[in-house]
Amino acid sequence: MLKSLLKVALTQTPAWKVASSSWRPDGVTVLMYHRIKNETDPFPGTDARTFEMQMRWLKKNCNVITPEQLGDVARQPPRSCPAVLLTFDDGFRDYHDNACPVLRELGFTGLVFLATGAMDDEILIWTDAVTWATHATRMASVTLPWDATQRMAIDDEPSRHRLAEACKRFLKDIPDQQRKAWLKQLTQALEIDPDDGTLPRQMLSWDEVRATMDCTFYGGHTHNHPIMSQLDDATMEAEIETCRRRIIEETQVAPRYFAYPNGRARDFTATTQALLRKHGFELGFSTIEGIHHDGDDLYAIRRQNTAGNTLGDFALRVIGR
Ligand SMILES: [Zn+2]
């Protein structure tokens, strides 16, 4: 009850000024988006109209910065107008279609982390392949390839959603080669080929990347979107190198920023961080929740998920609550 009253109050300027200056006096809120989607899209993400509302609210109430300003702004003394950096993971086509027009109008800059292999091959990143296969299957039940003891009913949308989440949870925590093999068996069991052309292109094209560089910094997000901590060192380095090389080849600009796929503390290692440094990346973004402060690890930068439906939810995320 108290929290919902607080959320409503926070969208009003006087309460926001008090809350933001006392609860979040310094640091930078790095907001994390994925898809900025149309209502009918089968994938999770932020609805395009909600995104626009959030951006207009930021314009009035916050200081939206570029990644180049992160270090300087984090060092600045407390201020009443919170600094916010906008980041978008994976490189979805709807960044070009739905996010950029809003960013341009408001004079904002986005930082987009590209999974370059999915773009090159016009395929789904593997977590989306799981989502799509479980959503599109005509099967009424399935036996998981890695657990033959259980046959799961998937005859309605909630049960298919539960299946997708359970599969992703399992597949994220196993070695990458094993993950690939299980994923193939899963999509076969569901009788779906996620890359058979049924879906319109989901990832940005390189032409769209080049067309949006006026309002965008492009960063790396690996080539094949594996969980870095599930790779051997040579494969980990190849993922970073290939991603970097493809971005340079296509944009003529060396990427300086990187986001770890999935991004939890256990999804990357000290070796991942050292390899990023070695290959010229200056900042590494995690999905560990919180506000970035001066002195924090620059290769494990915290980000705030933007989940939530109201501006009150959003305001709370901005101030780290
Ligand atoms: Zn990702």
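Residues numbered from 1 in each chain as written. Predicted model: local features only at pLDDT ≥ 70, side-chain atom pairs only at ≥ 80, totals over all residues. Heavy atoms only, no water.

- As recorded by an unreviewed UniProt entry, the protein carries the name Polysaccharide deacetylase and is attributed to Leptothrix cholodnii.

## Description of the coordination of the zinc ion
For step 1, the next point in the chain: Each protein donor to the zinc ion is listed here as Asp90 (OD), His221 (NE2) and His225 (NE2); together their distances run 2.0 to 2.1 Å.
For step 2, the next point in the chain: Each donor residue of the zinc ion lies on one chain, and together they are spaced D-x130-H-x3-H. On the criterion of sequence distance, the pair formed by aspartate 90 in strand E5 (residues 83-90) and histidine 221 in the loop between strand E9 (216-220) and helix H11 (233-251) is long-range, its members being 131 residues apart.
For step 3, the next point in the chain: Take aspartate 90: its relative accessible area is 4%, and that puts it in the buried class.
For step 4, the next point in the chain: Classification of histidine 221 as buried rests on a relative accessible area of 1%. (Donors = N, O, S within 2.8 Å, 3.2 Å for Na, K, Ca; no water. Helix = DSSP H or I, 4+ residues; strand = E, 2+ residues; numbered from the N terminus. Buried < 20%, exposed > 50% of the residue type's maximum accessible area, 1.4 Å probe, protein only.)

## A short note on the domain arrangement of the protein
For step 1, the next point in the chain: Domain boundaries assigned for the protein yield domain 1 (27-122 + 205-311) and domain 2 (126-189).
For step 2, the next point in the chain: Put simply, the middle of domain 1 and the middle of domain 2, counted by C-alpha atoms, are 27 Å apart.
For step 3, the next point in the chain: With 14 residues of domain 1 at the interface, the matching set in domain 2 holds 12 residues.
For step 4, the next point in the chain: Both faces considered, domain 1 and domain 2 share a buried interface measuring about 1,000 Å² in area, 50% of it formed by carbon and sulfur atoms.
For step 5, the next point in the chain: On the domain 1 side of the contact with domain 2, Pro42, Phe43 and Gln230 bury the most area, a combined 43% of that side's loss. (Domains from an automatic or database assignment. Contact = heavy atoms within 4.5 Å. Buried area = accessible area lost by both parts, 1.4 Å probe.)

## Points about unusual backbone geometry
For step 1, the next point in the chain: With a phi close to 75 degrees, threonine 222 is a non-glycine residue in the positive phi region.
For step 2, the next point in the chain: Secondary-structure assignment places threonine 222 in the loop between E9 and H11.
For step 3, the next point in the chain: On the basis of relative accessible area, threonine 222 is assigned to the buried category, the value being 0%.
For step 4, the next point in the chain: Phi is positive for glutamine 252, close to 65 degrees, though the residue is something other than glycine.
For step 5, the next point in the chain: Along the chain, glutamine 252 turns up in the loop between H11 and strand E10 (257-259).
For step 6, the next point in the chain: Given a relative accessible area of 65%, glutamine 252 falls into the exposed group.

## Considerations on the packing of helix H3 (residues 48-61) against helix H5 (residues 93-106)
For step 1, the next point in the chain: It is at 10 Å that the axes of H3 and H5 come closest, and there the two elements cross at 20 degrees. Judged by the inter-axis angle, H3 sits roughly parallel to H5. Read as a crossing pair, H3 and H5 show a hand that is right-handed. Contacts from Ala48, Phe51, Glu52, Met55, Arg56 and Lys59 in H3 reach Asn98, Ala99, Val102, Leu103, Glu105 and Leu106 in H5.
For step 2, the next point in the chain: When its residues are assigned to classes, the contact of H3 with H5 shows 7 nonpolar, 1 polar and 4 charged. (Axes fitted to C-alpha atoms, helices over the stretch in contact; angles between N-to-C directions. Parallel < 35°, antiparallel > 145°, perpendicular 65-115°, else oblique. Left-handed = near helix turned anticlockwise from the far one by under 90°. Nonpolar A, V, L, I, M, F, W, Y, C, P; charged D, E, K, R; others polar.)

## Considering empty space enclosed by the protein
For step 1, the next point in the chain: On inspection of all chains with the given rule, the structure shows 2 cavities of 30 Å³ or more.
For step 2, the next point in the chain: Considered as a void within the structure, the second largest cavity measures approximately 30 Å³ in volume.
For step 3, the next point in the chain: As for the second largest cavity, its lining consists of His34, Phe88, Asp89, Gly91, Phe92, Asp94, Tyr95 and Val112.
For step 4, the next point in the chain: Of all elements in the fold, only E5 and H5 reach the threshold of two or more residues within the lining of the second largest cavity.
For step 5, the next point in the chain: For the lining of the second largest cavity, a count of residues per class yields 4 nonpolar, 2 polar and 2 charged. (1 Å grid on protein atoms, 1.4 Å probe; cavity = no way out; pocket = protein on both sides within 12 Å on 5 of 7 lines; lining within 4 Å. Points joined across faces, edges and corners; volume = space filled by probe spheres on them.)

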